[in-house]
Amino acid sequence: MNFLRGVMGGQSAGPQTSGAETVQKLCDRVASSTLLDDRRDAVRALKALSKKYRLEVGSQAMEHLVNVLQTDRSDSEIIGYALDTLCNLISNEVEEEEPADESEEENAQKTNSDDLAGQFAEIFIKQQENLTLLLSLLEEFDFHVRWPAVKLLTALLKNQGQQVQQIILVSPMGVSRMMDLLADSREVIRNDGLLLLQQLTKANAAIQKIVAFENAFERLLDIITEEGMSDGGIVVEDCLLLLLNLMKNNSSNQNFFKEGSYIQRMKPWFEVAEDNSGWSAQKVTNLHLMLQLVRVLVSPVNPPGATSSCQKSAFQCGLLQQLCTILMATGVPADILTETINTVSEVIRGSQVNQDYFASVNAPSNPPRPAIVVLLMSMVNERQPFVLRCAVLYCFQCFLYKNQKGQAEIVTTLLPATIDANSISAGQLLCGGLFSTDSLSNWCAAVALAHALQDNSLQKEQLLRVQLATSLGNPPVSLLQQCTNILSQGDKINRRGSKVQTRVGLLMLLSTWMTNCPIAVTHFLHNQTNVPFLTAQISENLGEEEQLVQGLCALLLGICIYYNENSLENYTKEKLKQLIEKRIGKEIFIEKLAYISKHELYSRAGQKPQPSYNSPEQMLFDHEFTKLVKELEVLITKAVQKSSEDEKKEEEVKKSLEQHDSIVNQYKELIREQDMQLNELKKQVTTLTNQNEQSQTTITQQTSQIQQLRDQYNLLKVQGKPLESQHHIHNEAAQINGIQPKADAEEIGRLQEEIEKLKKQHDQLEGQLAEKESVIDKLPIAVGEAASGDNDSASASMKISELESRLAALDDENQKLKDQVQLLTDEQKTLNQQLASTNSTVAILETDKRKLQQEVTESKKEQDDLLVLLADQDQKIFGFKNKLKELGEPVEDEDDLESADQEDDDDDELS
């Protein structure tokens, strides 16, 4: 113990030893001591030295510490010391506690320390058994073992995350042991278990799924509720971070979360009080993470089906309504309000039900105003924070995404008939932002208005009706014309430092407006100054800042070519292309058009729908507009490069295709008519089939009756009955054939029942016969036994004679039964033959019926043809008679001839 006192800092008379030597001696003590107390003291000393002499302890003692974990499992104290020592070697907590204002030397030392921790972690997990041993220690309930084991595993995951994750994946019950930490009653272990699971679930979908199926969602939501939800402390934050790890980019876990009805349990998180003043920093952090969790479930990058399902659940459980309450509440911190707007945006994006609900939300003002109007007021207000204005724009875009009803409502507020002077509408706010002095407001309003026109040709045409009053005494100007006026004026002012952002927004609006809308193109070209302005912009050699404007001008001019209906003589497709070739050049035009997609902010805007920019100056592109440019760039390039001959060929091809389409439509109509006729014929066939079946049954019945009458006739003939009785039988047959089809069916049914009864009797008789044959087989044995039992007695001979008589009687009875069976079999065969002959007769009658029907059909056709011929001949005769009358020849009509014949007949009678 004196040695340990010297190591731990006590007084020693001898010379001072170095740290490496001390560590070496302690390692020898751990390896060689037989007493548990000595080993425990040595490990405790190594723990004390592990912070100061980290390299020495790690390089010399790690193997001995692992041996302690394996061999001294029964002593929790030494296991705890060993785990703490390993944790000091692999963890970076000591360096993280250093002050922030460090020198370069201290930073270098910290970097070296991090490298050292990573190397020790790599050495520890090199033997996979070490990690398996550490996982087994998690099952120990002793606080001094379980807690350091959790910390050591967390440190290993921080330094060698992927390798440790792979080992845990193949370890039986590895994840389950870690999940058990969440049920520990000691908060320290439970909280550190949360940190461990955070590290474990980073960027590993397989482990994320296993943790989720280990009932992680239920446990984490329970902890959040117990800790006070958004008012809770750091533990709630850790739970939310773990939930984000489990569900981010993991559609399987997201679906499991939704199917488990856990979305409903999120609603109480967002219940805020009326007085929202004095929010703590922790509450802001918690609510921020909760909103992020909702966004993970409804993110636009998720599979569409999963997103729509979560959106539906959010509306049904009232979560969307709760978020809208926060949106309209007062006193909410700005960052929480911004994130709430973004969350509501993605909950309603593309969901018609949610979008309709959002349109009905009103702000608690006097008088009440729609939430959309209140949000747009913030967007066009330059005094609002930049991130808030971006969030409102995103919300408006999501509200209009695939929402033609919402687009129509926005455009309607701009039309003259619906403008209310006493209230502010969304359209008025957008127009105000579009023409304000703030360039960011111009850009946001232009993009918002473009989304009201996205993929909606009807609203593009409706927007052409919008008229703006520019100044007193001047006539109103259309919105389209006002946008082009601002563009041309901005170009003049640009020489004195106007921003590019306004013109970019207006050009994006005009491009979206005129795409796939020839009427808008015609209105644009009708203004004689627009095309010269675009060509002048494209042909100039300007700086890099103006290249984007030139590219957008080229895009707009290309749209005027591609969607041109040639309704204006001066600006047909061909003349516009000639203008480009003379003033600009095709190659230069295409090169300027390519400036758009080459811009550094273009690809960034195309990554995700939400506008995310660090500064207002970077807001130049909209996500939906980037998709539009990809489509139009190829189309416009081809349209500009095509010659007039190619266009003529294309027009011919289009015409031929249109003709082909018309022919196809005619054939479709013909097929539709034939289909209707076919259905009618099928119904007729069904009716005829039923009638045929009824006829067959009638024929079958009559055939059987005929056969019966023939039998009666033959019987009477044999018996020598008079011919009158035979004639009477024939009359009866004729009468039966005419009026007794039902009796025939009953007769056939009766015969079939008799056949079934005879079959059953036959089977019973065969069974009885088999039983009696078995009795007969046993009789000789009985006779033998009786004869051998008592050969001298008279009773034996009596028994033998009785048995023989019984045998003879049984043989006679057996023979009778066989004869009866044979008779029944013959009778059954006869009946089967009769049925077969009847069926053949029916088949013959059916054939005759079909032939007769066919002959009737053919005769009807011939009769119709003859009638047609006779009608034609009558027409010809009538025509010839008219010609003869016109020529003056006497013509006798059939009526005159008939009257003359009648007079002759009367004269003959009188004579």
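Our structure is the block above this text.
Everything numeric in this text was worked out from a predicted model, so none of it was measured.

A. Summary view of the environment of asparagine 191. By the secondary structure assignment, asparagine 191 is in helix 12 (residues 187-200). Sequence-wise, asparagine 191 and isoleucine 234 are 43 residues apart; in three dimensions their C-alpha atoms are separated by 9.2 Å. Among the polar contacts listed, one links the side chain of asparagine 191 to the side chain of arginine 190, at a separation of 3.2 Å.

B. Up close: helix 15 (residues 234-247). Spanning 14 residues, helix 15 covers 20 Å between terminal C-alpha atoms, matching the ideal 20 Å at 1.5 Å per step. The buried fraction of helix 15 amounts to 11 of the 14 residues, a majority that puts the element mostly inside the structure. Regarding helix 15, the residues found buried are Val235, Val236, Glu237, Asp238, Cys239, Leu240, Leu242, Leu243, Leu244, Leu246 and Met247. Each element contacted by the buried residues of helix 15 is listed here: helix 12, helix 13 (205-213), helix 14 (216-226), helix 16 (251-259) and helix 17 (281-297). Of the residues one or two after helix 15, asparagine 249 is the one with positive phi, at around 60 degrees.

C. Here's a closer look at the nonpolar core. Grouped together as the largest cluster of nonpolar side chains are 208 residues, with contacts concentrated most on Leu134, Leu156, Trp269, Phe270, Phe358 and Leu555. Top element by residues in this core is helix 23 (residues 386-400). It accounts for 12 residues. Every residue in contact with tryptophan 269, bar those within four places of it in the chain, is listed here: Leu221, Ile224, Met229, Ser230, Leu240, Leu243, Leu287, Met290 and Leu293.

D. Up close: the environment of leucine 49. Structurally, the position occupied by leucine 49 is in helix 3 (residues 36-49). The spatial distance from the C-alpha of leucine 49 to the C-alpha of asparagine 88 is 9.7 Å, given a sequence separation of 39 residues.

E. Expanded view of unusual backbone geometry. Of note in this structure, alanine 203 is not a glycine but carries a positive phi near 55 degrees. Take alanine 203: it is sitting in the loop between helix 12 and helix 13. Note on alanine 203: relative accessible area 81%, which makes it exposed. The phi torsion at asparagine 516 lies on the positive side, around 60 degrees, for a residue other than glycine. Judged by its relative accessible area of 47%, asparagine 516 is partly exposed.

F. Up close: the pattern of salt bridges. Evaluation of the coordinates by the stated rule reveals 24 salt bridges. Among the salt bridges present, the one from arginine 265 reaches glutamate 218, with a minimum N-O distance of 3.0 Å. Pair noted here: arginine 265 is in the loop between helix 16 and helix 17 and glutamate 218 is in helix 14, with a separation of 47 residues, a long-range link. With a relative accessible area of 28%, arginine 265 lands in the partly exposed category. By relative accessible area, glutamate 218 is classed as partly exposed at 27%. Residue arginine 295 pairs with glutamate 346 through a salt bridge whose shortest N-O separation is 3.0 Å. Taken as a pair, arginine 295 in helix 17 and glutamate 346 in helix 20 (residues 334-348) lie far apart in primary sequence, 51 residues in all. In this structure, a network of salt bridges that share partners links the residues Asp37, Arg40, Asp41, Arg44, Asp75 and Glu77.

G. Focus on the packing of aromatic side chains. Per the stated rule, a full pass over the model turns up 10 aromatic pairs. Relative to phenylalanine 621, the ring of tyrosine 602 has its centre 5.6 Å away and its plane inclined at 90 degrees; by these criteria the two rings are edge-to-face. You can see tyrosine 602 sitting in helix 36 (residues 600-605) and its partner phenylalanine 621 sitting in the loop between helix 36 and helix 37 (623-641), a full 19 residues away along the chain. Each member of the pair tyrosine 602 and phenylalanine 621 is classed as buried. Grouping aromatic residues by their ring pairs yields a cluster made of Phe213, Phe217, Phe256, Phe257 and Tyr262. Stacked on the ring of tryptophan 147, the Lys or Arg lysine 151 has its end atom at 3.9 Å from the ring centre. Directly above the aromatic system of tyrosine 401 lies the positively charged group of arginine 349, at a separation of 3.8 Å from the ring centroid.

H. Examining empty space enclosed by the protein more closely. Taken as a whole, this structure holds five cavities of 30 Å³ or more when the rule is applied. Empty space within the largest cavity amounts to approximately 60 Å³. Arg349, Tyr394, Gln397, Cys398, Tyr401, His451, Pro609, Asp622, His623 and Glu624 together form the lining of the largest cavity. Elements supplying a minimum of two residues to the lining of the largest cavity: helix 23 and helix 37. It is helix 23 that contributes the most residues to the lining of the largest cavity, three residues altogether. Here the residues of the lining of the largest cavity sort into four nonpolar, three polar and three charged.

I. Structural detail: the layout of surface pockets. Its volume calculated, the second largest pocket comes out at about 450 Å³. Lining of the second largest pocket is provided by 23 residues; of these, Gln454, Asp455, Glu624, Leu628 and Glu631 occupy positions nearest its centre. Those elements giving two or more residues to the lining of the second largest pocket turn out to be helix 23, helix 24 (404-412), helix 27 (457-463) and helix 37. When grouped by side-chain class, the residues that make up the lining of the second largest pocket number six nonpolar, 11 polar and six charged.

J. Geometry of a negative patch on the surface. A cluster of acidic side chains, namely Glu855, Glu858, Glu862, Asp864 and Asp865, defines a negative patch on the protein surface. Mapping glutamate 862 onto the fold places it in helix 41 (residues 794-887). In this structure glutamate 862 comes out as exposed when scored by relative accessible area, which is 53%.

K. Geometry of helix 12. End to end, helix 12 covers 20 Å across 14 residues, agreeing with the expected 20 Å (1.5 Å per residue, within 8%). At its buried positions, helix 12 is contacted by helix 9 (143-159), helix 10 (161-170), helix 11 (174-179), helix 13, helix 14 and helix 15.

L. Geometry of a nonpolar patch on the surface. Residues Ile663, Tyr667, Leu670 and Ile671 make up a contiguous nonpolar surface patch of about 400 Å² in total accessible area. Accessibility expressed as a relative area gives 39% for leucine 670, which makes it partly exposed.

M. Spatial organisation of the environment of valine 521. Tracing the backbone shows valine 521 in helix 30 (residues 518-526). Residues within four places of valine 521 in sequence aside, it is in contact with Met514, Ile559, Cys560, Tyr563 and Asn564.

What counts, and at which threshold
- Residues numbered from 1 in each chain as written.
- Predicted model: local features only at pLDDT ≥ 70, side-chain atom pairs only at ≥ 80, totals over all residues.
- Heavy atoms only, no water.
- Helix = DSSP H or I, 4+ residues; strand = E, 2+ residues; numbered from the N terminus.
- Polar contact = N/O pair within 3.5 Å; in protein donor to acceptor, adjacent residues only side chain to side chain.
- Expected span 1.5 Å × (residues − 1).
- Buried < 20%, exposed > 50% of the residue type's maximum accessible area, 1.4 Å probe, protein only.
- Contact = heavy atoms within 4.5 Å.
- Core = buried A, V, L, I, M, F, W, Y, C linked by side-chain atoms within 4.5 Å.
- Salt bridge = Lys/Arg side-chain N within 4 Å of Asp/Glu carboxyl O.
- Phe/Tyr/Trp six-rings, centres within 6.5 Å; stacked < 30°, edge-to-face > 60°.
- Lys NZ or Arg CZ within 6 Å of the ring centre and 35° of its normal.
- 1 Å grid on protein atoms, 1.4 Å probe; cavity = no way out; pocket = protein on both sides within 12 Å on 5 of 7 lines; lining within 4 Å.
- Points joined across faces, edges and corners; volume = space filled by probe spheres on them.
- Nonpolar A, V, L, I, M, F, W, Y, C, P; charged D, E, K, R; others polar.
- Patch = residues over 30% accessible without salt bridge, like charges linked within 9 Å, V, L, I, M, F, W, Y side chains within 5 Å.
- Areas by Shrake-Rupley, 256 points an atom, 1.4 Å probe, with all protein chains shown as cover.
- Lys, Arg positive; Asp, Glu negative; His and termini not counted.
- Charge placed at Lys NZ, Arg CZ, Asp CG, Glu CD.

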